[in-house]
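# Structure assessment
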Amino acid sequence: MLPLEALQAKDLPPAQLAGLFADAGESLYLVGGSVRDALMGRDVAEIDFDFATSARPDRIAAILEGWADSVYRIGEAFGTIGAMKDGRSVEITTFRSEIYRDESRKPQVTYSDDIETDLSRRDFTVNAIALELPSFEPVDPYGGLQDLENKVLRTPLDPEISFGDDPLRMLRLFRFQATLGFAADVQAIAAVQRMAGRLSIVSAERIRDEFSKLMLAEAPGAALAMIVATGLSTYFIPELDKLAMAQDPEHRHKDVLAHTLAVVDRTRPDLVLRLAALFHDIGKPDTREFGPGGVTFHHHEVVGARITRERLRALAYPREIVDDVSRLVFLHLRPHTLK
């Protein structure tokens, strides 16, 4: 028995919306992370519900008007209508396919007419499981249930197709590795190595948001190492590549990157602190000198603070985060001054 009984409560959106859409002659499915989280036993009170439907956006909005406390159409261009009901947010999206043009930062959205096509265009099989409503029967054409059990991140279609549809999925692969504790499929990793340059068409804001989620995982170090190893870091934090090549005689690691990732994993999961841990030695490659006493990195905290500020600005982080992180990098050799 799948652990889905809690989703069927009559006071929750899945059961309520199932009847509304059925009465309107439209099919409705619970999809994405909401299904994955329910199958993993997450508390239903913490789940944000995402739905897919045969209805087009105008039709979705009309169906929701009599049910929701408020309806918002900010995502309508991408086929999504949002609503609030009793303090809970839901999003309902027309069956769709998103494909990026070679040089475009925005997806071209086309609608499909069946749930299987819609699921094929999702990022990973564990997020490509749907529950048909009102029966709550699973629809799993791409083996997501088995991958969920095996804790594997695999794309529904060939990874080059999935990553071509939305290059941000390459970064999301490692975000889910960190946040879910799943292993990335070897074919997906190989595709990232071949396609890493495609990340350059994705907006800084989308990369920032995905990267921030990764950085707040319990232990993001292994995923960060994979981002560097696959070459993906080159296209949004190229300074990490230099850390991997710089020897660090001050610590028991063969390079500065290994030391940095160990520090990140030992830092409390606060975004400012984690970013400061990631960037604290970012100035070492540019300040490394060889002298009679061995290798030195004089003033690497000064250089590192400047690099940190430039990089976080390029990733469109808010000014207060840029200021706080760069200041922590500047002060990291003087922990006695911090409170």
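Residues numbered from 1 in each chain as written. Predicted model: local features only at pLDDT ≥ 70, side-chain atom pairs only at ≥ 80, totals over all residues. Heavy atoms only, no water.

## Some points on the nonpolar core
In this structure, Phe 211, Leu 232, Phe 236, Leu 275 and Leu 278 are the most contacted members of the largest nonpolar core, which totals 90 residues. Here this core takes eight residues from helix α7 (residues 168-180), the largest share from any one element. Once residues within four sequence positions are removed from consideration, Leu 232 is found in contact with Met 170, Leu 171, Phe 174, Val 192, Ala 196, Leu 199 and Ile 227. Ranked by size, the runner-up nonpolar core spans nine residues in total, among them Ala 52, Leu 119, Ala 128 and Ala 130. (Core = buried A, V, L, I, M, F, W, Y, C linked by side-chain atoms within 4.5 Å. Buried < 20%, exposed > 50% of the residue type's maximum accessible area, 1.4 Å probe, protein only. Helix = DSSP H or I, 4+ residues; strand = E, 2+ residues; numbered from the N terminus. Contact = heavy atoms within 4.5 Å.)

## Some thoughts on the pattern of salt bridges
Summed over the entire model, instances satisfying the criterion amount to 21 salt bridges. For the salt bridge of Arg 73 with Glu 76, the shortest nitrogen-to-oxygen distance reads 2.9 Å. A relative accessible area of 37% means that Arg 73 is categorised as partly exposed. Because the salt bridges share partners, they merge into one network encompassing Arg 36, Asp 37, Arg 42 and Glu 46. (Salt bridge = Lys/Arg side-chain N within 4 Å of Asp/Glu carboxyl O.)

## A few points about the packing of aromatic side chains
Considering all chains together, one arrives at four aromatic pairs under this definition. Relative to Phe 51, the ring of Phe 49 has its centre 6.4 Å away and its plane inclined at 40°; by these criteria the two rings are tilted. The pair Phe 49 / Phe 51 is uniform in exposure class, with both members buried. Here the basic side chain of Arg 175 rests over the ring of Phe 176, its NZ or CZ set 4.3 Å away from the ring centre. (Phe/Tyr/Trp six-rings, centres within 6.5 Å; stacked < 30°, edge-to-face > 60°. Lys NZ or Arg CZ within 6 Å of the ring centre and 35° of its normal.)

## Points about the sheet that holds strand β9 (residues 137-139)
Taken together, seven strands build an open sheet; the order of strands is β3-β4-β5-β2-β1-β8-β9 and the sheet is mixed. The open sheet has two free edges, formed respectively by β3 (70-72) and β9, since each of these has just one partner strand. Strand-to-strand twist across the sheet, computed as the mean angle between neighbouring axes with direction ignored, equals 30°. Pairing of strand β8 (residues 130-133) with β9 involves three bridges; the strand directions are antiparallel. Within β9, the residue paired with Leu 131 across the bridge is Pro 138. (Pairing = 2+ DSSP bridges. Axes fitted to C-alpha atoms, helices over the stretch in contact; angles between N-to-C directions.)

## A look at the side chain of Gln 177
As for its placement among the helices and strands, Gln 177 is situated in helix α7. Ignoring any residue separated from it by four or fewer positions in sequence, one finds Gln 177 in contact with Leu 153, Phe 182, Ala 222, Ala 223 and Met 226.

## Concerning α7
The first and last C-alpha atoms of α7 sit 18 Å apart over 13 residues, in line with the 18 Å expected at 1.5 Å per residue. Of all the 13 residues making up α7, 12 are buried; the element is thus mostly covered by neighbouring parts of the structure. When we look at burial in α7, the residues that qualify are Leu 168, Arg 169, Met 170, Leu 171, Arg 172, Leu 173, Phe 174, Arg 175, Phe 176, Gln 177, Ala 178 and Leu 180. (Expected span 1.5 Å × (residues − 1).)

## Examining the pairing of strand β4 (residues 80-85)
Burial runs high along β4: five of the six residues are buried. Pairing of β3 with β4 involves three bridges; the strand directions are antiparallel. Looking across to β4, one finds that Ser 70 is bridged to Met 84. Here β4 hands over to strand β5 (residues 88-94) after two residues, with Asp 86 in that stretch at a positive phi of 55°.

## Quick look at the environment of Glu 210
Residue placement: Glu 210 occurs in helix α9 (residues 204-215). For Glu 210, a relative accessible area of 4% corresponds to the buried category. C-alpha of Glu 210 to C-alpha of Arg 172: the two residues are 38 residues apart in sequence and 6.6 Å apart in space. What Glu 210 contacts, discounting residues up to four positions off in sequence, is Leu 168, Leu 171, Arg 172 and Arg 175.

## Examining the pairing of strand β2 (residues 49-53)
Strand residues, when the strand is regular, have side chains that alternate between the two faces of the sheet. For β2, the buried fraction is high: four of the five residues fall into the buried class. Where strand β1 (residues 28-31) meets β2, four bridges bridge the pair, whose relative direction is antiparallel. Of the residues in β2, the one forming a bridge with Tyr 29 is Ala 52. Relative to β5, β2 runs parallel, the two being bridged by five bridges. Following the sheet pairing, Asp 50 is matched in β5 by Glu 91.

## With respect to the side chain of Thr 125
Along the chain, Thr 125 turns up in the loop between α4 (115-120) and β8. Given the relative accessible area of 0%, Thr 125 is considered buried. If sequence neighbours within four positions are ignored, Thr 125 has contacts with Tyr 142, Gly 143, Gly 144, Asp 147, Arg 154, Thr 155 and Pro 156.

## Re the packing of α7 against helix α8 (residues 186-195)
Taken N-terminus to C-terminus, the directions of α7 and α8 make an angle of 140°; their axes are 10 Å apart at the nearest point. Between α7 and α8, the angle falls in the class oblique. In the packing of α7 onto α8, the handedness of the crossing is left-handed. Across the interface between the two elements, Met 170, Leu 173 and Phe 174 from α7 touch Ala 188, Ile 189, Val 192 and Met 195 from α8. Classifying every residue of the contact of α7 with α8 gives seven nonpolar, no polar and no charged. (Parallel < 35°, antiparallel > 145°, perpendicular 65-115°, else oblique. Left-handed = near helix turned anticlockwise from the far one by under 90°. Nonpolar A, V, L, I, M, F, W, Y, C, P; charged D, E, K, R; others polar.)

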